[in-house]
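# Commentary on secondary and tertiary structure
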Amino acid sequence: MLATALSTATANDYLSERFRTAYDFLANTDLLALPLGRNEIDGDDVYANVLEYDTVPASDKELEAHRDYYDVQFVARGEELLQYAPADGLETVQEYDEADDYCLLKTPVPVTSVALHAGELAVFAPEDAHKPGCTLSEPVHVRKIVVKVRA
């Protein structure tokens, strides 16, 4: 799945060497055995954050956005709803934190929703605000691998 504005589509190469490294890692690693936290793949250019959490209602969260990295969000176990909106023009809820490469943005109405089930992924570019970890039908425990790919 790729959802983006035509004006930004050609600026993002989702098949570049770094993305191929990310996809290869996801396809050839025992993702359920990885320790929680940061897992090295290719230094600061490509690495994986392994997370586990319980999904919550989308109304309990705001959108996040990054400047330095793409997110390849892969659900290893469980299911969740992700929401997406172009970041440009959204109201800031929490200012950009350069050290952690993220900010929080107000969720617009309407917002695009995407369901991810175990074995599925979504890729978000730096211009994409996104809200992972939302309940799809009922709260569930999710194991997620977020591969960070340097922009």
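Above this text you will find the structure in question.
Note that this is a predicted model, so its numbers are computed, not measured. (Residues numbered from 1 in each chain as written. Predicted model: local features only at pLDDT ≥ 70, side-chain atom pairs only at ≥ 80, totals over all residues. Heavy atoms only, no water.)

## A closer look at the overall build of the protein
Within the protein, the secondary structure is distributed over 2 helices and 11 strands. Each helix and strand of the protein, placed in order from N terminus to C terminus, yields the pattern α-α-β-β-β-β-β-β-β-β-β-β-β. A globule of 151 residues ought to have a C-alpha radius of gyration of about 15 Å, and the protein, at 15 Å, matches this closely. Out of the 151 residues belonging to the protein, those deemed buried represent 42%. Considering only intrachain contacts with a sequence separation of at least 6, the fraction spanning at least 24 residues in the protein is 82%. If you average the places of the 12 positive and of the 28 negative side-chain charges in the protein, the two averages end up 1 Å apart. (Helix = DSSP H or I, 4+ residues; strand = E, 2+ residues; numbered from the N terminus. Rg over C-alpha atoms; globule rule 2.2 N^0.38 Å. Buried < 20%, exposed > 50% of the residue type's maximum accessible area, 1.4 Å probe, protein only. Contact = heavy atoms within 4.5 Å. Lys, Arg positive; Asp, Glu negative; His and termini not counted. Charge placed at Lys NZ, Arg CZ, Asp CG, Glu CD.)

## Some words on the pairing of strand β5 (residues 79–86)
Burial within β5 is extensive, with 7 of its 8 residues counted as buried. When β5 meets strand β8 (residues 112–117), the two strands line up antiparallel, connected through 6 bridges. Within the sheet, the bridge partner assigned to Gln-83 lies in β8 and is Ser-113. Pairing of β5 with strand β10 (residues 128–134) involves 5 bridges; the strand directions are antiparallel. Counted as the bridge partner of Tyr-84 is His-130 from β10. (Pairing = 2+ DSSP bridges.)

## Side note on the nonpolar core
Formed by 19 residues in total, the largest nonpolar core has its most connected members in Phe-25, Leu-26, Leu-31, Ile-145 and Val-147. Secondary-structure elements contributing two or more residues to this core are α2 (17–27), β2 (46–54), β4 (69–77) and β11 (141–150). The contact partners of Val-147, leaving out residues within four places of it in the chain, are Ala-22, Phe-25, Leu-26, Ile-41, Val-46, Tyr-47, Ala-48, Tyr-70, Asp-71 and Val-72. Membership of the second largest hydrophobic core comes to 9 residues, among which are Ala-65, Ala-85, Leu-90 and Cys-103. (Core = buried A, V, L, I, M, F, W, Y, C linked by side-chain atoms within 4.5 Å.)

## Some thoughts on the environment of Gly-119
Mapped onto the secondary structure, Gly-119 falls in the loop between β8 and β9 (121–124). Residue Gly-119 is classed as exposed on the basis of its relative accessible area of 52%. For Gly-119, the contacting residues outside a window of four places in its chain are Phe-74 and Val-75.

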